[in-house]
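Structural overview
Given next are the chains, with one letter for each unit.
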Amino acid sequence: MLLYMFLVVGLAGFVNLSRVCENGWMAYNNNCYWFSTSGVEFKDAVKNCVNIGSSLIEFSERVEENWVVLQSKIRDYKNIWVGLTDILIANTFVLASTGNKPSYTNWARGQPQRNKEHCTSVSLSQRKWHDFLCSKRLHYICRKPANHYA
Ligand SMILES: [Ca+2]
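Chains are numbered independently. Their residues run from 1 in the order of the written sequence. Given that this is a predicted model, residues contribute local features only at a pLDDT of at least 70 and side-chain atom pairs are listed and counted only at 80 or more, while totals for whole chains, interfaces and linings are drawn from all residues.

A separate point is the pairing of strand β7 (residues 128–132). Note on pairing: DSSP must find at least two bridges between two strands before they are called paired. To qualify as a helix, a DSSP run of H or I must reach at least 4 residues; to qualify as a strand, a run of E must reach at least 2; elements of each kind are numbered from the N terminus. Note that strand β6 (residues 119–123) and β7 share 5 bridges and pair antiparallel. Bridge pairing links Val122 to Trp129 in β7. Two successive antiparallel strands, β6 and β7, enclose a turn made up of 4 residues, where Arg127 displays a positive phi of approximately 55°.

Structure representation (structure tokens):
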């Protein structure tokens, strides 16, 4: 009986270990990523990610951005939203999730333009950031920490 219980618990642990991310999410390093199937306004991208227990993608380093850009180009996206906005204080772009200033940015030359474009997108052809009208409909990626079974 005891042996049987060890077997069941051990097997359950093994199955869990292989499920770092839920179905429909992709694992990369310590995070899970969900790629949208349609383009939406910035505010809906933020809300949709929150509704599925995650947040709109924000980049803190180049390697992660490169991987997301690759996945986005595979899916034939043109531009994607990133969680960076100056909707609160004009010309001060902050992370949508925390309100903190970003530690890493990748603006295209001449961007942001200090105009009515208060949201941020990645141009996948340039692999650079642009401030963009929030009412544009773009693809987006949601991110959340991967499950850990220590
Ligand atoms: Ca712009």
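Below, the discussion takes up the sheet that holds strand β8 (residues 141–145). Backbone-to-backbone hydrogen bonds join strands into a sheet, with any given pair of strands oriented parallel or antiparallel. Ordered by their spatial adjacency, 4 strands build an open sheet running β1-β2-β8-β3, and the pairing between neighbours is antiparallel. Every interior strand has two partners, whereas the edge strands, β1 (26–28) and β3 (55–56), have only one. In the sheet, β3 pairs with β8 via 2 bridges, with the strands oriented antiparallel. When the sheet's bridge partners are listed, Leu56 is paired in β8 with Cys142.

Right, let's talk about unusual backbone geometry for a bit. For the peptide bond that leads from Gln111 to Pro112, omega is -10°, which places it in the cis range. Mapped onto the elements, Pro112 comes out in the loop between β5 (94–95) and β6. Of note in this structure, Arg114 is not a glycine but carries a positive phi near 55°. One can find Arg114 in the loop between β5 and β6.

Let us now look at the pairing of strand β2 (residues 31–35). The sheet contact formed by β1 and β2 spans 3 bridges and is antiparallel. Looking across to β2, one finds that Ala27 is bridged to Cys32. Here β1 hands over to β2 after 2 residues, with Asn29 in that stretch at a positive phi of 50°. Sheet topology places β2 next to β8; 5 bridges connect them, and they run antiparallel.

Counting residues in hydrophobic clusters, the biggest one holds 26 residues, and the most contacted among them are Leu56, Trp81, Val82 and Ile141. Secondary structure elements with two or more residues in this core: β2, α2 (42–51), β4 (79–85), β6, β7 and β8. Here the contact rule is simple: place C-beta atoms from the backbone, and any two residues whose C-beta atoms are within 7 Å are in contact. Every residue in contact with Leu56, bar those within four places of it in the chain, is listed here: Ala45, Val46, Cys49, Trp81, Gly83, Ala96, Tyr140 and Cys142. Defined on buried residues, the nonpolar core groups Ala, Val, Leu, Ile, Met, Phe, Trp, Tyr and Cys residues joined through C-beta atoms within 7 Å. Whether a residue is buried, exposed or partly exposed is read from the other C-beta atoms within 10 Å of its own C-beta, which are placed from the backbone; 20 or more gives buried, 12 or fewer gives exposed, and intermediate counts give partly exposed.

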